[in-house]
Amino acid sequence: MKRKLFVICLPFVVVSLFLIVCDIYIKFSDSLRFPCILYTLTGYLCPSCGATRCIKALLKGKIVRSFINNPLIFLLIVFIILIYIQLFLKTFFKTEKKIIPESKFFYIALSGIILIYCIVRNFIPCIQPMCLLQ
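Residues numbered from 1 in each chain as written. Predicted model: local features only at pLDDT ≥ 70, side-chain atom pairs only at ≥ 80, totals over all residues. Heavy atoms only, no water.

Participant: Would you explain the overall build of the protein chain in this entry?
Facilitator: Summing up its helical and strand segments, the protein chain has 7 helices and 0 strands in all. Each helix and strand of the protein chain, placed in order from N terminus to C terminus, yields the pattern α-α-α-α-α-α-α. Radius of gyration (C-alpha) of the protein chain: 18 Å, far over the 14 Å computed for a compact globule of 134 residues. Put simply, of all contacts in the protein chain between residues at least 6 apart along the chain, 53% involve residues at least 24 apart. A total of about 10,000 Å² of accessible surface is found on the protein chain, and carbon and sulfur atoms cover 76% of it. Taking the average place of the 16 positive charges on the side chains of the protein chain and the average place of its 4 negative ones, the gap between the two points comes to 2 Å. (Helix = DSSP H or I, 4+ residues; strand = E, 2+ residues; numbered from the N terminus. Rg over C-alpha atoms; globule rule 2.2 N^0.38 Å. Contact = heavy atoms within 4.5 Å. Areas by Shrake-Rupley, 256 points an atom, 1.4 Å probe, with all protein chains shown as cover. Lys, Arg positive; Asp, Glu negative; His and termini not counted. Charge placed at Lys NZ, Arg CZ, Asp CG, Glu CD.)

Next up, the structure:
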């Protein structure tokens, strides 16, 4: 019974804490600027460049602007939701069905997609974060 209650409450607690932390961060982020070390040293964007602007835009309801800044955040959100659905199904329906494969090939392919995106976004200006397009 405790596990079922935990599984039901988990998304509400996580989302609430995330929104509180993001609200505090947004209030102070204009005065705090953390430059990307990889971009500063090499001039190339890392996979997470634009993530802060992405989350800020997402919290303000600007989904298109958020997607332009860093679409990998949406991949992360979908991945987290699928993990939760898998946990929910396992807890309430006692099924061992896997939504997310546990094979090495899946994670290698996912890492390859992220790596290809990271390389491509450095050479195609229209998929770079908004700050670099201005």
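Participant: Looking at this model, I keep getting lost on a nonpolar patch on the surface. Mind explaining?
Facilitator: A cluster of nonpolar side chains, namely Tyr 44, Leu 115, Ile 116, Ile 119, Val 120, Phe 123 and Ile 124, defines an oily patch on the protein surface of about 690 Å² accessible area. Mapped onto the elements, Leu 115 comes out in helix H6 (residues 104-121). (Patch = residues over 30% accessible without salt bridge, like charges linked within 9 Å, V, L, I, M, F, W, Y side chains within 5 Å. Salt bridge = Lys/Arg side-chain N within 4 Å of Asp/Glu carboxyl O.)

Participant: What exactly am I supposed to notice about the packing of helix H3 (residues 51-59) against helix H5 (residues 72-93) here?
Facilitator: Helix-helix packing: each pair is described by the crossing angle between the helix axes and the interaxial distance. At a minimum axis separation of 10 Å, H3 and H5 run at an interaxial angle of 65°. Here H3 lies roughly perpendicular to H5, going by the angle between them. Facing H3, whose interface residues are Ala 51, Cys 54 and Leu 58, H5 presents Ile 73, Phe 74 and Ile 77. Here the residues of the contact of H3 with H5 sort into 6 nonpolar, no polar and no charged. (Axes fitted to C-alpha atoms, helices over the stretch in contact; angles between N-to-C directions. Parallel < 35°, antiparallel > 145°, perpendicular 65-115°, else oblique. Nonpolar A, V, L, I, M, F, W, Y, C, P; charged D, E, K, R; others polar.)

Participant: What is the right way to read the environment of Thr 95 from this model?
Facilitator: Within the secondary structure, Thr 95 sits in the loop between H5 and H6. Its relative accessible area of 26% is what places Thr 95 among the partly exposed residues. Setting aside residues no more than four positions away along its own chain, Thr 95 makes contact with Leu 89 and Lys 90. (Buried < 20%, exposed > 50% of the residue type's maximum accessible area, 1.4 Å probe, protein only.)

Participant: Just checking my understanding: could you explain the pattern of salt bridges for this structure?
Facilitator: Any two side chains of opposite charge can pair, so long as their charged atoms come close to each other. Per the counting criterion, the structure on display carries 1 salt bridge. Put simply, Lys 98 and Glu 102 hold a salt bridge, and the shortest N to O gap is 3.2 Å. The class of Lys 98 is partly exposed, set by a relative accessible area of 41%.

Participant: Sorry if this is basic, but what is going on with H5 here?
Facilitator: Working note: α-helix, 3.6 residues per turn, so residues spaced by three or four point in the same direction. Across its 22 residues, H5 extends 31 Å between first and last C-alpha, which sits within 8% of the 32 Å expected from 1.5 Å per residue. Looking only at H5, the buried set comprises Leu 72, Ile 73, Gln 86 and Thr 91. Projection of H5 onto a plane perpendicular to its axis shows the buried side chains occupying an angular sector of 145°, all on one side. Lys 94, located one to two residues past H5, shows a positive phi value of around 50°. (Expected span 1.5 Å × (residues − 1). Arc of directions from axis to C-beta.)

Participant: How do you make sense of the environment of Ile 99 when you look at a structure like this?
Facilitator: Summarising the element assignment, Ile 99 is placed in the loop between H5 and H6. Here Ile 99 is in contact with Leu 82, Ile 85, Gln 86 and Leu 89, once residues within four sequence places are set aside.

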